[in-house]
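A closer look at the structure
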Amino acid sequence: ILGVYLVIDYPRLRRMHFLLSGVLIGIGSAISFLFGTTIPIMSQATAQPVGVIALGLFAVFSGGSLLKDIATVEEDKRSGVDTVFTKFEMKKALPIVATFIAAGCVLPILFLNAVTDLILILAMATSAWVVVVVMKEKSYKPILLLYFVEGFWVFIRLFAVCSS
């Protein structure tokens, strides 16, 4: 019922607070993931850190949603839609969003502890922060690529390498 309400009333909710849009997308993604993990595919319980993965999904999807707003700053200003970029000047908003995205990139460190994992994850988080701050409006696609590369790495490390 909550999901239906959020879908129907999302445009109004988005205008209520400049962070609400991204946070709702992150929460929805994390809840969807957690719901999916409750569906038994096999009779064995998973040894994977489901809660941490859900937290990572929340941070990544929330940060990605906030970053998406950078492309429509002028349109959002004219329409009166509050986003992090219309609420603050670009100079202040970029580090806020970049930090949120970098935090999402760092979360896999909580359950991947090999030195190569640590180096790759810290490099991805640092790269994500720098890309957002330096590339500004053009950072959305490179961030999606970084998300994909890190997500693929985490998937391989958690499910392909650990299960063999």
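Take the pattern of salt bridges next. This model, assessed by the stated rule, comprises one salt bridge. The partner of D117 in a salt bridge is R157, with the nearest N and O atoms 2.7 Å apart. Within this pair, whereas D117 is found in helix α7 (residues 115–135), its partner R157 is found in helix α8 (residues 140–161), the two being separated by 40 residues in sequence.

Our next topic: the packing of helix α6 (residues 90–106) against α7. Contact geometry for α6 and α7: axes closest at 8 Å, N-to-C directions at 160°. As summarised for this structure, α6 and α7 are arranged roughly antiparallel, according to the angle between their axes. Both α6 and α7 take part in a crossing whose hand is right-handed. Together, L94, P95, A98, T99, I101, A102, C105 and V106 of α6 and I121, M124, A125, A128, W129, V132 and V133 of α7 make up the contact between the two elements. Split into classes, the residues belonging to the contact of α6 with α7 amount to 14 nonpolar, one polar and no charged.

What counts, and where the lines are drawn
- Residues numbered from 1 in each chain as written.
- Predicted model: local features only at pLDDT ≥ 70, side-chain atom pairs only at ≥ 80, totals over all residues.
- Heavy atoms only, no water.
- Salt bridge = Lys/Arg side-chain N within 4 Å of Asp/Glu carboxyl O.
- Helix = DSSP H or I, 4+ residues; strand = E, 2+ residues; numbered from the N terminus.
- Axes fitted to C-alpha atoms, helices over the stretch in contact; angles between N-to-C directions.
- Parallel < 35°, antiparallel > 145°, perpendicular 65-115°, else oblique.
- Left-handed = near helix turned anticlockwise from the far one by under 90°.
- Contact = heavy atoms within 4.5 Å.
- Nonpolar A, V, L, I, M, F, W, Y, C, P; charged D, E, K, R; others polar.

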